[in-house]
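Descriptive analysis of the structure
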Amino acid sequence: GKVLVSGASGFLGAWVSRTLLEKGLSVRGTVRSDEKGEYLKKLFASFGEDKFEYAIVKDIEADGAFDEAVKGVDAVEHTASPFHYNAPDPQALIGPAVNGTVGILKSIVKYGSDVKRVVVTSSIASIMVPVTEPTIWNENDWNTFAPKIVEEKGKDATPGQKYQASKVLAEKAAWKFYEDHKATSSWDLVVICPPFIFGPIIHEVSSYEHLNTSSHQLYQTVKGERSNEELVKPVSSFGDVRDVAAAHVLAIITPEASGRRFITSAGPYTWQDWLDALADSGLPDIPKGVPGGSKGITHPTGYDSTLAKTILGLKFHTMEETAKDAVVSIRERGW
Ligand code: NDP
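Note that the coordinates shown come from a computational prediction; the quantities given were computed from them, not determined experimentally.

1. Focus: the overall build of the chain
Of regular secondary structure, the chain possesses eleven helices and twelve strands. Relative to the 2.2 N^0.38 estimate, which gives 20 Å for 335 residues, the radius of gyration of the chain is 19 Å and therefore close to what a compact globule would have. Overall, the C-alpha framework of the chain stretches about 55 × 45 × 40 Å when taken along its three principal axes. Classification of the 335 residues of the chain by burial places 49% in the buried group. Of all intrachain contacts in the chain linking residues separated by at least 6 positions in sequence, the fraction that spans at least 24 positions is 77%.

Next comes the structure, spelled out in structure tokens:
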């Protein structure tokens, strides 16, 4: 079978593509330029000449953007969506997130008659709401807060709120489209909700400044750019990019995944936890920070990944593995 991966040039999209290829599936990745497509072709050449192909989709928001790309594929992994914190106008994130998602589904309805399953990459951003009491979130929870605050505040909402709103609105739109077309369509929907994703980078990155948002945050820590006070504070939860990619592939091949959301969290973290995880890695120049300084602290949020473990059979790398492989891959680029 052949699987379409949108955003194949991204941190996660490249790993989803590679994991599909490792399973023996063929991949068509969408990218915005020939350069990024050719980079991936080279990266995946060892899987066989004709196993990876790319399609140019310059603007995922454009009408019919995915009409050609969906033709002849058996499944779709929609990972393309902007993840950054520097959009003054929330529409710069919400537009591509929502219209890209609805657009690819429309193209499938029109031209994707072979498609049996669609997996959409959402986020824990679509799940959690700011709380004062420690809370463990699961797949029944929805972030109703971010879209409301962004509607009220517009440009004055925080960067995090704007990104979160883009993810909730895109996921809601995906479920609505699925419900509206369920009766007549040959495909079903699965949604993956990852927390912050870290691990080895294999995609093309032009410079350190262009490193994807989550990898950049981790590497800032390794460069010693955080105060001791910041290091020991709860941040969020994490997942290894290889595990999140595996979840996307399992979501395609597991019949029981149909119609479900899956959280893929390996656990909560502070930035100090990452420095502690790197302390025995044998890697040079890792700042010590405040060793053990955040062990046993209470995290205000956590995520229940029981469904991913039981239904998808997902397993998780340890933080030590994720941390070391991330840092090695970033340093290989000379940063
Ligand atoms: P990247 O920025 O590395 O990848 C994003 C991908 O989407 C790239 O291929 C990018 O193309 C493409 N893309 C972004 N905006 C557009 C646009 N307007 N038009 C066309 N293509 C676009 O980020 P990640 O790999 O981290 O993110 C992938 C997915 O995972 C996203 O849906 C994100 O929301 C989700 N996610 C990420 C988390 C993380 O911590 N990294 C956590 C939870 C969810 P190009 O290469 O050309 O820029």
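Moving on from the coordinates now.
2. As for the packing of helix H4 (residues 145-153) against helix H5 (residues 159-181)
Running from N to C, H4 and H5 point in directions that differ by 120 degrees, and their axes come no closer than 8 Å. By the angle between their axes, H4 is oblique relative to H5. For the pair H4 and H5, the crossing hand works out as left-handed. Together, Ala 146, Pro 147, Ile 149 and Val 150 of H4 and Gln 161, Lys 162, Gln 164, Ala 165, Val 168 and Leu 169 of H5 make up the contact between the two elements. Within the contact of H4 with H5, the residues separate by chemical class into seven nonpolar, two polar and one charged.

3. Quick word on the packing of helix H1 (residues 11-22) against helix H8 (residues 241-253)
One way to put it is that H1 packs onto H8 with a least axis distance of 8 Å and a crossing angle of 60 degrees. In terms of axis orientation, H1 runs oblique to H8. Crossing of H1 over H8 shows right-handed handedness. Packed against H1, whose contacting residues are Phe 11, Leu 12, Trp 15, Val 16, Thr 19 and Leu 20, the element H8 presents Val 241, Arg 242, Val 244, Ala 245, Ala 246, His 248 and Val 249 at the interface. Of the residues assigned to the contact of H1 with H8, the class counts are ten nonpolar, two polar and one charged.

4. Here's the deal with the nonpolar core
Side chains that are nonpolar tend, in soluble globular proteins, to be buried together. Core analysis: the largest hydrophobic core is formed by 97 residues, its most contacted members being Val 76, Val 118, Ala 247 and Ala 251. Those residues in contact with Ala 251 that lie beyond four places of it in its chain are Val 119, Val 190, Ile 192, Ala 257, Phe 262 and Leu 312.

5. Section: the confidence of the model for the chain
Mean pLDDT over the chain stands at 97; residues scoring 70 or higher make up 100%. In the predicted assembly, ipTM is 0.99 and pTM is 0.98.

6. Describing the site of the ligand
Every one of the 23 residues lining the ligand counts as a neighbour, but Gly 7, Gly 10, Ser 81, Asn 212 and Ser 214 are closest to it. The set of elements that each furnish at least two residues to the shell around the ligand consists of H1 and strand S8 (196-198). The leading source of residues in the shell around the ligand is H1, at three residues.

7. Here's the deal with the sheet that holds strand S1 (residues 2-6)
The strand order across the open sheet built from seven strands is S3-S2-S1-S4-S5-S7-S10, with neighbouring strands paired in parallel fashion. Either end of the sheet is taken by a strand with one partner, and the two such strands are strand S3 (52-56) and strand S10 (261-263). This sheet shows a mean twist of 20 degrees between the axes of neighbouring strands, independent of strand direction. On top of the sheet, helix H3 (residues 91-111) reaches S1, strand S4 (75-78) and strand S5 (117-121); it is set at about 170 degrees to S4, its chief contact. Against the sheet, H5 engages S5 and strand S7 (188-193), with an angle of about 165 degrees to S7.

8. Quick notes on the sheet that holds S8
Pairing within the open sheet is mixed, and its three strands lie in the order S8-S9-S11. Each edge of the sheet is formed by a strand with only one pairing partner; in this case those strands are S8 and strand S11 (267-270). The average undirected angle you get between the axes of adjacent strands in this sheet is 55 degrees. Where strand S9 (residues 234-240) and S11 come together, four bridges link them in antiparallel fashion. Paired with Pro 234 across the strands is Thr 270, a residue of S11. Here helix H9 (residues 271-279) sits on the sheet in contact with S9 and S11, set at roughly 90 degrees to S11.

9. Examining the environment of Tyr 39
In this structure, Tyr 39 sits in helix H2 (residues 34-43). By the C-beta count within 10 Å, which is 17 here, Tyr 39 ends up partly exposed. Once the C-alpha coordinates of Tyr 39 and Trp 142 are considered, the two residues, 103 residues apart in sequence, prove to be 37 Å apart.

10. Topic: H1
Here H1 contains twelve residues, and its C-alpha end-to-end distance of 17 Å stays within 8% of the 16 Å for a straight helix at 1.5 Å per residue. With eleven of twelve residues buried, H1 lies mostly within the body of the structure. Within H1, burial applies to Phe 11, Leu 12, Gly 13, Ala 14, Trp 15, Val 16, Ser 17, Arg 18, Thr 19, Leu 20 and Leu 21. Positive backbone phi, at 90 degrees, marks Gly 24, one or two positions downstream of H1.

Reading guide: rules and limits
- Residues numbered from 1 in each chain as written.
- Predicted model: local features only at pLDDT ≥ 70, side-chain atom pairs only at ≥ 80, totals over all residues.
- Helix = DSSP H or I, 4+ residues; strand = E, 2+ residues; numbered from the N terminus.
- Rg over C-alpha atoms; globule rule 2.2 N^0.38 Å.
- Buried ≥ 20, exposed ≤ 12 C-beta atoms within 10 Å, placed from the backbone.
- Contact = placed C-beta atoms within 7 Å.
- Axes fitted to C-alpha atoms, helices over the stretch in contact; angles between N-to-C directions.
- Parallel < 35°, antiparallel > 145°, perpendicular 65-115°, else oblique.
- Left-handed = near helix turned anticlockwise from the far one by under 90°.
- Nonpolar A, V, L, I, M, F, W, Y, C, P; charged D, E, K, R; others polar.
- Core = buried A, V, L, I, M, F, W, Y, C linked by C-beta atoms within 7 Å.
- pLDDT = per-residue confidence, 0-100.
- Near = placed C-beta within 6 Å.
- Pairing = 2+ DSSP bridges.
- Expected span 1.5 Å × (residues − 1).

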